[in-house]
Each structure stands twice: as structure tokens, then as C-alpha cells.
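# An overview of the molecular structure
As a plain string of letters, each chain reads:
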Amino acid sequence: MQTRVVRACFAAWVVVLTGLYYVFPDAHLYTWAALGYSCAVMVLAGVRLHRPVRRLPWYLISAALAFFTTGDTWYNLVLAMGRQPGFPGLADLFYLLVYPLLTGGLLIFVRARSGGGDKAALLDALVPTVGLGLLAWVYWIAPFTRSAELSELEKIVSIGYPLGDVLVLAMILRMLTGSGRKPRAVGVIGVAMVGLLISDIFYGQSQLNSAWELGGPVDFGWIVFYSSMAFAALHPSMGMLTQPAARTAETGMGRNRLFWLSAAALIAPGVLALEYAQGKEVEITRGGVVDAPVIAAAAALMFLLVLARVGDLAWSQRQASARERALREAGTALFAATNERELAAGVREAVSRLMPADKPYHLQLALPRPGDADATLRWMAAADLPEHVSSGGFANTLFCPQQLPGGRYGIIVLGAPDAVLHAVQGSIETLSSQIAVVLDRISLTEEVTRRDSEAYFRTLIQSAADVIMILDQDGTIRYASPSAGTLFGCDDPTGGVFATLIAPDAQDALRVAIARIAHGSGDLEGVALAALRGERRVEIECDMRDLREDPTVRGLVVTMRDVTEQRRLEDDLTHQAYHDSLTGLANRVLFRNRLEQAFALAALSDATLGVLFVDLDDFKEINDTLGHAVGDQLLITVAQRISAVIGAGGTAARMGGDEFAVMIAPSHNADAAEDVAARLVAALAAPIELADGEGGTHLVNGAASVGVATNLDATSATELLRHADLALYLAKGLGKGGWQRYQNDLHTAMVQRLEMRTQLIEAIEGEQFVLQYQPIVELADQRITGVEALVRWQHPVRGLLGPYHFIEAAEESGAIVGIGTWVMREALRQFAQWRASQPSTTLRYVSVNVSPRQFRSPDFADVVRQALADAGARPEWLLLEITESLVLRDAEKVLADLKALRALGVRVAIDDFGTGYSSLSYLRQMPVDVLKLDKSFIDDILHSRQQHALVDAIVTLAGNLDLSVVAEGIEEPGQHTALDTMGCQYGQGYLFAKPQWPADIPAMAAASASLAALAAPR
């Protein structure tokens, strides 16, 4: 009869008996006994049907069910006789014997499945066991110990039930936490234990309150216990419970298991919190939580168990890493094998690497039983091994068949303790796959060797792209493969002399190679030769093998391949790595290499080595206005002119952007570098005509600044480059289109300039700047109508400094933007204060200088607007002075910004008018209000008729354009008179007043107004 039919019939039997038990209470004695004893019998029937390897645990389980049923039967018999069963009584004796029997059976299952070596599963089972044991103590066992209604014997018996349940629970948890796939019978036994535990809990509580009733719902849990144990025995998977579990080493913990372990670890603090809350509700003050010692002990024990589990995980991870490393090393040894004998040695070495050093093992390589072709790694008990194979005294082995070349099979048998086999099983599987790959390679090699014949290799040679030749002692070609005609562009060269095929310039290399072979230098590889295929040169790479002593060859074997394209590509890559892709000049890397070599040679010969740094002066403007295409053409043309000037003896390089470097070849002429610098400046200053790619042409200026340095002032190539860079910096600072040579004091000046930049930033943050104001007067009556704000630096060490000392450094570092913004805000604040304190003052505006860098900032108009608002000043009180050079560059943007400022009501003046170098047509286009004549125009106005006429023309032009004119630098009365006569309206200079402190301006303005009033005609 099939087990499925047996299970179905038994299920019907259980359902019928359960129904009778609850429907006919008077028949409890019979129905319960029939139910319990039938379940015990079904366990024995399952053993009979499935014949497990070990039957003892099932016998113990059957005995436990029989004892349980006997106890219930005695209990029911006493009730049927009209008496009340005593507690404790004979029934309790049978009940308590159930737990040792169940525990023994489950323990055998655990030992059989894990071999006693699954430490991780044991720890995972102990954590929830301790947590649930704590719950049992607090809510089940402890109430018995504290009950005043129970005698000592009653307490001991009552405690026995929960202790037995906890013990059985520990066993089932251990079964559930074991590694490997769980048989279905394990889950069925787990259901049985749950039923037993639930019914025992309610039964224990009824002992405390004397509320136990036979035939209640609590009995159903025991029914589940009986029937589930019987179903587990009837299920076919019951036999797997006494067999080793097929598992591999685990180095991690699943999320489900981690969740349940975490929940179990929280039982102790949860119970503690609950007891504390209950104690607060009933206001019990007994010195603390009742079960605090037990809870603390349980919490400590669970903490230690968790630490042990973490340590076990770390150890497993280290073991797994060691096995992976050993597997890689083993793979290296395996793949070096060329035949089965070497492979066998490699397998032994590989296994020795994988096995733990402190554990014994047994390895045997043998042939399998006839007809066994199952190439699957599997566990095999020692008793099941073939007769000619030994387990080495171990109970279990890993049995791994391998297919050998020729359709044969071999086996690997590894015996070791079960825990070790579990740990290395995955590694052995991987090793098996590696062995299969090596066996395939050996098989392929054998196949190639088997087919190794003259005809086979002749076919290979005939179709090879490489040329193979055999040369006699005198260099005559005895054999040439067909590809020789393609390589040399001729018919079959057999019978000719090999040297005639080689290019003339490669003959020396051929002779050297042949000579080395003749003198016994051995085989040569990578010999570089060249041949001529018509007019085309072909680069050849040769390998030469001396087989003159080989009876099958008796000659020199030359293998050749065409590497022309490879050499061309290598040359191209080398050129790209050391040359600039745009200009074709050397790049920074090549220039530095050549410079270091030349520096060393110059030091040995006491020669002078010069280095020039060249930087185009207006490249950015050309790039921005005419486009990058024109800029690239300019760079190419500049590179060509530099190369033409320095000739073949020097090295020119593009260092990046518009910066070039030139190395003058070492010579004994100390002035050679300066001569080249002068010629470079002259050559680059010549206008350059460039096409824009759209049919138009542009005439641009390629003027450049040049810095010169020599090795006479440097101790290394790096220092020489730094000196040339410093000299270039000086040349840029002194004006465009010139050159400067490095001087020893340049480095000091550069350090001072850098210090000045740093001090400027600190000066802005420390508010070290102050303002003086120089009056601007009406020339007709010398009335002060405006002032120009002049910034001064109250240096903490050097005292009061004028703009000459720091403005240039501020422009270079960008600090001028912050300084200019402060000057504007402070000047407007002071002017507003003057106007507020003296409304009748003649002062109408304050003039503030604006640097080009400050004006070009994107938010300059917003800065002006905010400064006016913060000072409470009116826009017409502010006159912004901009330079003529600013107007002449980026005309469209400057025009838009000036219109925005004029829209605010701010007036604009052109400072130092006349010092520019463009036409005056921009005055008609630009929205400006005032022209300020530079002092250089005023100095010679009394002594130069031309200068007088020029100033007169400028004043007349300004009047026609409705522009006011302010003459700067008036120091003599004659200059004042001449300018007044011309019609110039305003002036400033030492003739009227030097720059004054803010406190002195109101009095001077009032005094000038009084004098003007007295001088006015009545």
C-alpha cells in the first residue's frame, strides 16, 4: 500500500476520533485512548514502511506518545470511576517521562543531520531558546514557585512540565536552524511541538487557578501533537532525518534568521519593561522588578551567545577567504599540468591547500566501478564505497567522478570529518570544474599531437601569413613559404641569397644577427630588418632559430612578418606623445627632456645654454573677437616664425595656450640668447594676415613678450625654466612687444609682489584704506564744485602709501574690485554727509575712478545702484571716471553698460583723455559727459605752440559735443589763464589745492564760494 493512501486513511481516522471526542464527552476514556495509541502505532508503521537508517529515535517518539496516552488514560479512568485525580499522581509520572523520550529522539535527529559540528546552527537555536525560556520562567514557572496554594511536590511536578517543554523546544529549534535543505518531516514535527507547547501552557495556568476541564479546547493542542508526530513518521522524508544534511559552508546570515534572532534578543528587555509597567500600575514597591535577576541573567546569556555567533561568522568569513585564496593557488597548479600524471599531482597539491592544516583527511584517485558514468559530486557513506576505494577510516566521503580523455572515467574520493567535508564541499565542486577544463585541454593537446604529421604542418605553413624560410650555411634560401612572394613582391625566392632581399641600410643589422647565430649566441627574436618591395620600403621583424644540428631541418629557420603599419603607428603615437598637435612643435614633455640633456652637456663643456619664454600679448582679444579658428592660425604662423628665427640648432616648443618656449643650443657666446630674443620680438611684431574661414581676412598683430634666462644663473633645468618665466613676467609688466633678461633681483621682486597681493587682501578685510579728496574748481572764479576721491593705504608698517605703491598689484591680483567698491561706497557716504550738514555747499559731485577690471564685472551697475541707496545719495552726485583704453575695447558691451549707468542718472568721465591711440570718433558714439585732460597735455601748454593748439582743439571739440572738460595737473597761474581763455570750464591741480582730508573739504568749499562772490562783478 502506498504511503499516501496510508496517510489519507490515518487522517480520516484522526478526524473521526476527534469528532467523537468532542461530541460524546462520556466516551473520553475510549476515544482519547484510541487516538493516542493509534498515533504511537502509526509511528512504528512509518518506521516499517520507510526503513530509516537509524530507527531508535522513532522508537523513542512512539514510546513518548504511548506514555502520554497512558497518562491521559489513567487520568480519564479515575474520572470515569467518579473520583477526582490527585495532583501529583500516577498520570503525572507518565507525563513527565514523555519529555526525556522526546528530547532523546530529537537529539538523535540533530546529531545525525549535522554530525555535531554545526556550531552556527547551535548558537542560532540557543538564542531564541533562552528568550522563550525566560518567558516560560516569568509567566509559567515563576508563578508555580511563588504559589502559596501548592505544596513543594506539586511545585516540582508543575515546574517539570514547562522545563520539559523548553527542552523539547530547544531541540526543534536546533533542527530548524540547521544548514541545508529541511525535510518536510521537520516542519510537521515543529507543528506537533507547537501544539504540545500551547496545551501545556494552558494546562499549567489551570493548575494555578483550578480551572482545568476535560474535553475543552486545550485538548486540541495535544491532538495536534499526537497526529502530527504520526504524520511525520508516515511521510517519506522521515528517513532523511537520520541522514547527514548536504550543506556547504555558510559565511553569512539570512535576513529572516537575523530578524528572529533580533526579536529573541529583545525578549529580555521587553519582559523587563512589561514587568516595570505592571509594577507601576498596581503601585507595588518591592524594591524593583520581581524577576530582575533571572531577566538579567537571561539577557547576559543571550548577549554572550550573540557575541559567540558574531565571532563564528567572522571565523567562517576568514575560512571562506582562505579557501578562495587556496582555490586560486590550486587552479594555478592545475592549469600548469600537461598530462594526466601531472594533473594527478596537481589535484593532490590542490586538495592539500584546501584542507585545514590541523584536520586529518584521506584522498584517493582511482577508477570507478564499471558502467558508472555519473559525473556528479555527492556524499557517500564509507559502507557504500566500491571495494577498491577506501574512506581512510572516516564515516562519510565526497565522491567526485571525472571524465577522462578517451571516454574513460576517474574518481576523486575525499574522506574527512563531516564538519570539514561540509566546509570544503563548495570548493571541491569548483575544483572539479577546473579539473574538467584542464582535462579538456589535455584531451585537445593529445588530439593535436595525434594529428602531428608532416602533411598537417605543411598545410599550416602554406596558409600562414608569416614568411618561413630555411637558409643554408651560405645564406642560400632552401625553402620559402608561399607568403614570401607577397612580402617581398617577387616570385618564389627559393635558390636565391637571402641578403639580396634586404634593404641596403639593413645589411649591417643582418650581418650582425648572422654572426651572433654563428658564434653560438642561441636563438634571436625581434630582429628589425627592412626590405624593398619595388619603390616601397617594408619594415620586417624576424625570429631566427639555429636548427643546423637538427637532422630534420639542418639549416637556419627564419620567421618574418610585415610590421610596416605597426612601426608607422608607433612612430605616429610617439610623435603625438612628444609634439603639439596644432603647431607641430615639441610639447612640454619633449622640451623638458631635451633641456635636461642640454643642461648636463653645457655644464660639462662650460657652454652657455639659453632658454626663452614667449607669450603673445593680445592673443586673448584676438581669440575672443575673431574666433578660435583665427586664433589657431595665428598660433601656427607664430610657431613657423619662431622656427625660422631659431634655425635647426635650437628647439621650439608650445607649452600651452599662447605660450612658447625656445632652447638655444649650448655655445660659448653669452649673448646668443639675447640676440635670438631680439630677432624673435622683431619677427613676431610684423603684421600677420589671417583668413577667418568665411572668405574674409584679418590683419592682426602677433607681438609678443619674451623672457630670457641662461644656465649661468641656474643650478638646474627646473630653475632655468623658472628664471625664464620670471623674466617673461617682468617683460609683460614693463610693456608689450619687448624682451627682458633674468636678473638676480627678479626673484626678490616677485616675492615682494606676492607679499603685496597678500597684504592687499588683509588690508581690505582690516579696513586699512582711507580717502583724500582733491578739489575740482571752476576756472572762471575758482569756485570748488566737485572733488575727486583718491585712495590711500594706511600700511601698518610703511605708513601712508599712495596708489603708485599698490594699484598695479591690486589690478593683477583682482583685489582692485574690492578696493574700488569700497572707495565708491565711502566717497558717496562722505559726500552725502557733507551735503546733509551743509545744504548750501557749492559741492555738486564727487568723482570716483573705476578700473577696467572693476567695470567689466557682471554686476557693476547693481553695485553702483546699491552704493547710492546705502549712502542715501542722488545719482547726479556721482561722476565715474573710466580710462580711454576701456572705451576702446569691447565697444558694444561698454556702450551697453554706460547706457545702463546713464539711465540711473550717474555721469561718466573719460580719464587721462588723449593718451590713447585711436580716433576720436568714439566720443560721438559713447554716452559720456566729461573729458579729463591728462597732465601731460597741460605741462607744455605755455612753451609749445603745438601743444597749446592741440589742447585748444580738444576743448573746442568737447564744446561742440556738449562735453565738459576738466584739465588735470594745473600747477602754474599761466596754465590757469591759458585754459580759461580757451574756454576750458574746470580744472584741478596743486595750484588750487593738494589732496585734502575729509574734514578740510567743507571749509575750503565755503572759502572758495566767498572769494568767488567777492570777485564777481557788481
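What counts and what doesn't
- Residues numbered from 1 in each chain as written.
- Predicted model: local features only at pLDDT ≥ 70, side-chain atom pairs only at ≥ 80, totals over all residues.
- Heavy atoms only, no water.
- Core = buried A, V, L, I, M, F, W, Y, C linked by side-chain atoms within 4.5 Å.
- Buried < 20%, exposed > 50% of the residue type's maximum accessible area, 1.4 Å probe, protein only.
- Helix = DSSP H or I, 4+ residues; strand = E, 2+ residues; numbered from the N terminus.
- Contact = heavy atoms within 4.5 Å.
- Phe/Tyr/Trp six-rings, centres within 6.5 Å; stacked < 30°, edge-to-face > 60°.
- Pairing = 2+ DSSP bridges.
- Expected span 1.5 Å × (residues − 1).
- Arc of directions from axis to C-beta.
- Axes fitted to C-alpha atoms, helices over the stretch in contact; angles between N-to-C directions.
- Nonpolar A, V, L, I, M, F, W, Y, C, P; charged D, E, K, R; others polar.
- Parallel < 35°, antiparallel > 145°, perpendicular 65-115°, else oblique.
- Left-handed = near helix turned anticlockwise from the far one by under 90°.
- Salt bridge = Lys/Arg side-chain N within 4 Å of Asp/Glu carboxyl O.

### Looking at the nonpolar core
Counting 72 residues, the largest nonpolar core has Leu760, Tyr773, Leu828, Phe855, Val864, Leu880 and Leu979 as its most contacted members. A per-element tally of this core places helix 25 (residues 815–837) first, with ten residues. With residues up to four places along the chain from it excluded, the contact list for Phe855 reads Val850, Phe860, Ile882, Leu886, Val894, Asp897, Leu898 and Leu901.

### Looking at the packing of aromatic side chains
Applying the stated criterion across every chain yields a total of 14 aromatic pairs. Ring centres of Phe769 and Trp793 lie 5.9 Å apart, and the angle between their planes is 35°; this geometry places the pair in the tilted category. Here Phe769 is found in strand 17 (residues 769–778), whereas its partner Trp793 is found in strand 18 (residues 784–795), with 24 residues between them in sequence. Accessibility assignment for this pair places Phe769 and Trp793 in one class, buried.

### Focus: the pairing of strand 10 (residues 608–616)
Counted residue by residue, strand 10 has nine buried out of nine residues, so it is predominantly covered. Neither face of strand 10 is exposed, since Thr608, Gly610, Leu612, Val614 and Leu616 on one face and Leu609, Val611, Phe613 and Asp615 on the opposite face are all buried. When strand 10 meets strand 12 (residues 659–667), the two strands line up antiparallel, connected through seven bridges. When the sheet's bridge partners are listed, Thr608 is paired in strand 12 with Ser667.

### Overview of the side chain of Gln947
Residue placement: Gln947 occurs in helix 32 (residues 945–960). Of the residues examined, Gln947 reaches a relative accessible area of 16% and is grouped as buried. Once you skip the residues sitting within four places of it in the chain, Gln947 turns out to touch Ser936, Phe937, Asp940 and Ile941.

### Structural notes on the pairing of strand 20 (residues 845–849)
Within strand 20, four of the five residues are buried, leaving the element largely enclosed by the surrounding structure. Of the strand pairs in this sheet, strand 18 and strand 20 are connected by four bridges, and their pairing is parallel. Paired with Ala789 across the two strands is Val848, which belongs to strand 20. In this sheet, strand 21 (residues 878–883) lies alongside strand 20 in parallel orientation, the contact comprising four bridges. Its bridge partner lying in strand 21, Asn849 is registered against Glu881.

### Comments concerning helix 21 (residues 672–685)
Over its 14 residues, helix 21 runs 20 Å from end to end, which matches the ideal 20 Å to within 8%, given 1.5 Å per residue. Buried residues of helix 21: Ala672, Ala673, Val676, Ala677, Leu680, Val681 and Leu684, and no others. The buried residues of helix 21 occupy an angular sector of 170° when projected down its axis, which confines them to one face. If you follow the buried residues of helix 21, they end up packed against strand 10, helix 20 (628–646), strand 12, strand 15 (704–710) and strand 16 (739–741).

### Some details on the packing of helix 19 (residues 619–626) against helix 20
Viewed as axis vectors pointing N to C, helix 19 and helix 20 meet at an angle of 140°, and their least axial separation amounts to 6 Å. Residues Phe619, Ile622, Asn623 and Leu626 of helix 19 lie in contact with helix 20, whose contacting residues are His628, Val630, Gly631, Leu634 and Leu635. A per-class count over the contact of helix 19 with helix 20 returns six nonpolar, three polar and no charged.

### As for the sheet that holds strand 5 (residues 467–471)
Strand order in the open sheet formed by five strands is 6-5-9-8-7, with antiparallel pairing between adjacent strands. With one partner strand each, in any of the chains shown, strand 6 (477–480) and strand 7 (524–533) form the two edges of the open sheet. Taking the axes of each pair of neighbouring strands and ignoring which way they run, one obtains an average angle of 30° across the sheet. As judged from the five bridges shared by strand 5 and strand 9 (residues 555–562), these two strands associate in the antiparallel manner. Note that in strand 9 the partner of Met469 across the bridge is Val558. Packing against the sheet, helix 16 (residues 507–518) makes contact with strand 7, strand 8 (536–547) and strand 9, and its axis sits at approximately 145° to strand 7.

### Some points on the sheet that holds strand 11 (residues 651–656)
Overall, mixed pairing links the five strands, which are arranged 11-12-10-15-16 in an open sheet. One side of each edge strand has no neighbouring strand; the edge strands of this open sheet are strand 11 and strand 16. The sheet shows a mean angle of 20° between the axes of neighbouring strands, direction not considered. Here helix 20 sits on the sheet in contact with strand 10, strand 11 and strand 12, set at roughly 10° to strand 12. Docked against the sheet, helix 21 engages strand 10, strand 12, strand 15 and strand 16, running at close to 170° with respect to strand 15.

### Remarks on unusual backbone geometry
Look at Arg51: it is not a glycine, yet its phi comes out positive at around 50°. In this fold, Arg51 is placed in the loop between helix 2 (28–50) and helix 3 (56–80). Unusually for a residue other than glycine, Asp606 sits at a positive phi of about 55°.

### With respect to the packing of helix 25 against helix 27 (residues 860–871)
Interaxial distance between helix 25 and helix 27 falls to 9 Å at its minimum, and their mutual angle equals 30°. Taken together, the axes of helix 25 and helix 27 are roughly parallel relative to one another. When you trace helix 25 past helix 27, the crossing you get is right-handed. When helix 25 is examined against helix 27, the residues Thr821, Met824, Arg825, Leu828, Arg829 and Ala832 are found in contact with a partner set consisting of Phe860, Val863, Val864, Gln866, Ala867, Leu868, Asp870 and Ala871. Of the residues in the contact of helix 25 with helix 27, the class split is nine nonpolar, two polar and three charged.

### Let's talk about the pattern of salt bridges
Counted under the stated rule, the structure contains 30 salt bridges. The shortest N-O distance in the salt bridge between Arg561 and Asp543 comes to 3.1 Å. Here the residue Arg561 occupies a position in strand 9, and Asp543 occupies one in strand 8, the gap between them amounting to 18 residues. Linked through salt bridges whose partners overlap, the residues forming this network are Asp466, Glu541, Asp543, Arg561 and Arg567.

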